[in-house]
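# Summary of structural features
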Amino acid sequence: GSGAYTIPLGGKPWGVTTITGSTVAVILPYNQVVVVYDINRRVKVRTIPVPGCCWGITIINNRLVVGGIGEIWTIDLQTGKIINTIQTDKWNCRLHTSGDRFFSSHALPYLTCYNQSGEKLYTTTSLPSDIRYVTSLQDGSIYVTCGDDKVYHVSSDGQNYQHVQTEGLNTGGLIRYNQNRSEERRVGKE
């Protein structure tokens, strides 16, 4: 919360993911690049070209996962080379990492889950509305916020879900699970 500053990007950023405590990767979809910045020194570290418009970004095991239109690319951070390309049937503008797997969605009522090698593990059952944001829990299940402004808990195999009561909570669409906070609450109840 202190020392806020601006880093000019020279494009229209769509997403960002943290690589380390001092570096982030930003996607510039129309420039078809991922740009890595050192936010402490406020400098560009490298530019990684991708073979098309890129809309989603996350990181898994020191590899970038970047979503494009009909494709997801796994990129080696050291070399900037594409290691793997996954063919999909959708835009992949919402990506979320959970342990050794990641999820992809784009304004659809379902998510597709992949392992770190890019193998499709499953597609969740359809929810009542398009998925907006995702956060994962330690047990492999996920919470999602949907276009109907409701939060749903989806089982770790993606096949079951239930509405989560959020009365009095203004989610604003975003949802994040804070593991440390949850452990504090658990300890406090015992």
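Structure: above.
These remarks concern the structure in this document.

Rules of the game
Residues numbered from 1 in each chain as written. Predicted model: local features only at pLDDT ≥ 70, side-chain atom pairs only at ≥ 80, totals over all residues. Heavy atoms only, no water. Helix = DSSP H or I, 4+ residues; strand = E, 2+ residues; numbered from the N terminus. Buried < 20%, exposed > 50% of the residue type's maximum accessible area, 1.4 Å probe, protein only. Contact = heavy atoms within 4.5 Å. Areas by Shrake-Rupley, 256 points an atom, 1.4 Å probe, with all protein chains shown as cover. Pairing = 2+ DSSP bridges. Polar contact = N/O pair within 3.5 Å; in protein donor to acceptor, adjacent residues only side chain to side chain. Axes fitted to C-alpha atoms, helices over the stretch in contact; angles between N-to-C directions. Core = buried A, V, L, I, M, F, W, Y, C linked by side-chain atoms within 4.5 Å.

Now for the overall build of the chain. The secondary structure content of the chain amounts to 1 helix and 15 strands. Within the chain, the fraction of its 190 residues that count as buried is 45%. Considering only intrachain contacts with a sequence separation of at least 6, the fraction spanning at least 24 residues in the chain is 31%. For the chain, the exposed area adds up to about 10600 Å²; of that, 46% sits on carbon and sulfur atoms.

Here we take up the pairing of strand β15 (residues 161-164). When a strand is regular, its side chains alternate between the sheet's two faces. In terms of strand pairing, strand β14 (residues 151-154) meets β15 through 4 bridges, oriented antiparallel. Bridge pairing in β15 places Val151 opposite Val164.

Turning our attention to the side chain of Asn115. Checked against the element boundaries, Asn115 lands in strand β10 (residues 112-115). At a separation of 3.0 Å, a polar atom in the side chain of Asn115 contacts the main-chain amide nitrogen of Ser117. Excluding anything up to four places from it in sequence, Asn115 contacts Asp100, Arg101, Phe102 and Leu121.

Once that is clear, we can look at the sheet that holds strand β2 (residues 23-28). Taking strand neighbours across the sheet as the criterion, the 4 strands line up as β1-β2-β3-β4 in an open arrangement whose pairing is antiparallel. The sheet is open, and its two edges are formed by β1 (15-18) and β4 (43-49), each paired on a single side. Each strand of the sheet is rotated relative to its neighbour by a mean of 20°, with strand direction disregarded. Looking at chain direction, β2 and strand β3 (residues 33-38) are connected through 6 bridges and run antiparallel. If you follow Leu28 over to β3, its bridge partner there is Val33.

A word on the environment of Thr145. Following the sequence through the fold, Thr145 ends up in strand β13 (residues 142-146). Linking Thr145 and His163, residues 18 residues apart in sequence, is a C-alpha distance of 9.9 Å.

With that out of the way, let us pick up the nonpolar core. Residues Ala25, Val34, Ile57, Leu64, Val66 and Ile75 are the most contacted members of the largest nonpolar core, which totals 15 residues. Of all the secondary structure elements, the ones that give two or more residues to this core are β2, β3, β5 (54-60) and β6 (63-76). Residues in contact with Val34, not counting those within four places in the same chain, are Ala25, Val26, Ile27, Arg46, Thr47, Ile48, Val50, Ile57, Leu64 and Val66. In terms of nonpolar packing, the next biggest core, distinct from the first, is built from 12 residues, Leu111, Ile142, Cys146 and Val154 among them.

Turning our eyes to something else, we now look at the sheet that holds strand β12 (residues 131-136). Taken together, 4 strands build an open sheet; the order of strands is β12-β13-β14-β15 and the sheet is antiparallel. Strands with a single pairing partner mark the edges of an open sheet, and in this sheet they are β12 and β15. Neighbouring strand axes in the sheet, compared pairwise and without regard to direction, differ in orientation by 30° on average. Note: β12 against β13, 5 bridges, orientation antiparallel. Among the inter-strand pairings, Tyr133 is bridged to a residue of β13, identified as Thr145.

That's the geometry; what it means functionally is another story.
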